[in-house]
Amino acid sequence: MIKEFKEFISRGNVIDLAVGVIIGGAFTTIVKSLVDYLINPFIGLFVGGIDFSELVFKVNGATFKVGSFLNAVINFLIIAFVVFLMVKFVNKFLIRKKEVVAVAAPEVKLLEEIRDLLKTQDK
């Protein structure tokens, strides 16, 4: 059982996932800081200085923290946009790599045909 666990934990996918979770946590802290200290004050300039984190309303004793929800939505949108840009960049890089392989493939096929023709001429 310990051997199986070692094999499982040493797989590349598990380690990549762990690194992704750790980086994601750190990235979330950066985005939260960006939203709290830069974006919300900037938006507040246009909507009359409203601090979203303080935006609440009460109904029959229940407190609804609308500002906290808006902060979470803004955080999500920023993270989603950055992830989108990262995936787009990676896909662009991978497509270029595939194009290079695709360009090389006809040349290899042509060289193989020349090789086969030379073999038939030698006989």
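Every value quoted in this text rests on a predicted model; they were computed, and no experiment measured them.

(A) Layout of the overall build of the protein. When its secondary structure is counted, the protein shows three helices and two strands. What you see in the protein, going N to C, is helices and strands ordered as α-α-β-β-α. Contacts spanning at least 24 positions in sequence make up 42% of the contacts within the protein whose residues lie at least 6 apart. Per element, the accessible surface of the protein, about 10,700 Å² overall, is 72% carbon and sulfur.

(B) Molecular detail of the environment of aspartate 36. Checked against the element boundaries, aspartate 36 lands in helix α2 (residues 12-46). On the basis of relative accessible area, aspartate 36 is assigned to the partly exposed category, the value being 24%. Measuring from C-alpha to C-alpha, the distance between aspartate 36 and asparagine 71 comes to 7.6 Å, with 35 residues separating the pair along the chain. The residues touching aspartate 36, leaving out its near neighbours within four places in the chain, are Pro41 and Asn71.

(C) The environment of asparagine 71, seen in detail. Inspection of the secondary structure puts asparagine 71 in helix α3 (residues 66-122). With a relative accessible area of 8%, asparagine 71 lands in the buried category. Placed 36 residues apart in sequence, asparagine 71 and valine 35 show a C-alpha to C-alpha distance of 7.1 Å.

(D) Quick peek at a nonpolar patch on the surface. Judged by side-chain polarity, Phe69, Val73, Phe76 and Leu77 come together as a nonpolar surface patch covering roughly 430 Å² of accessible area. Among the structural elements, valine 73 can be located in helix α3.

(E) Structural detail: the pattern of salt bridges. Using the criterion set out here, one finds one salt bridge in the structure. The salt bridge involving arginine 115 is made with aspartate 116; its shortest N-O contact spans 3.2 Å. Take arginine 115: its relative accessible area is 43%, and that puts it in the partly exposed class.

(F) Looking closely at the confidence of the model for the protein. In this model, the protein carries a mean pLDDT of 77, and residues with pLDDT of at least 70 account for 84%. Averaged pLDDT values for the elements of the protein fall to 76 in α3 and rise to 89 in strand β2 (residues 62-64).

(G) Quick look at unusual backbone geometry. A positive phi is found at asparagine 60, a non-glycine position, where the angle reads about 50°. With respect to the helices and strands, the residue asparagine 60 is situated in the loop between β1 (57-59) and β2. A relative accessible area of 82% means that asparagine 60 is categorised as exposed.

Thresholds, definitions, all that
- Residues numbered from 1 in each chain as written.
- Predicted model: local features only at pLDDT ≥ 70, side-chain atom pairs only at ≥ 80, totals over all residues.
- Heavy atoms only, no water.
- Helix = DSSP H or I, 4+ residues; strand = E, 2+ residues; numbered from the N terminus.
- Contact = heavy atoms within 4.5 Å.
- Areas by Shrake-Rupley, 256 points an atom, 1.4 Å probe, with all protein chains shown as cover.
- Buried < 20%, exposed > 50% of the residue type's maximum accessible area, 1.4 Å probe, protein only.
- Patch = residues over 30% accessible without salt bridge, like charges linked within 9 Å, V, L, I, M, F, W, Y side chains within 5 Å.
- Salt bridge = Lys/Arg side-chain N within 4 Å of Asp/Glu carboxyl O.
- pLDDT = per-residue confidence, 0-100.

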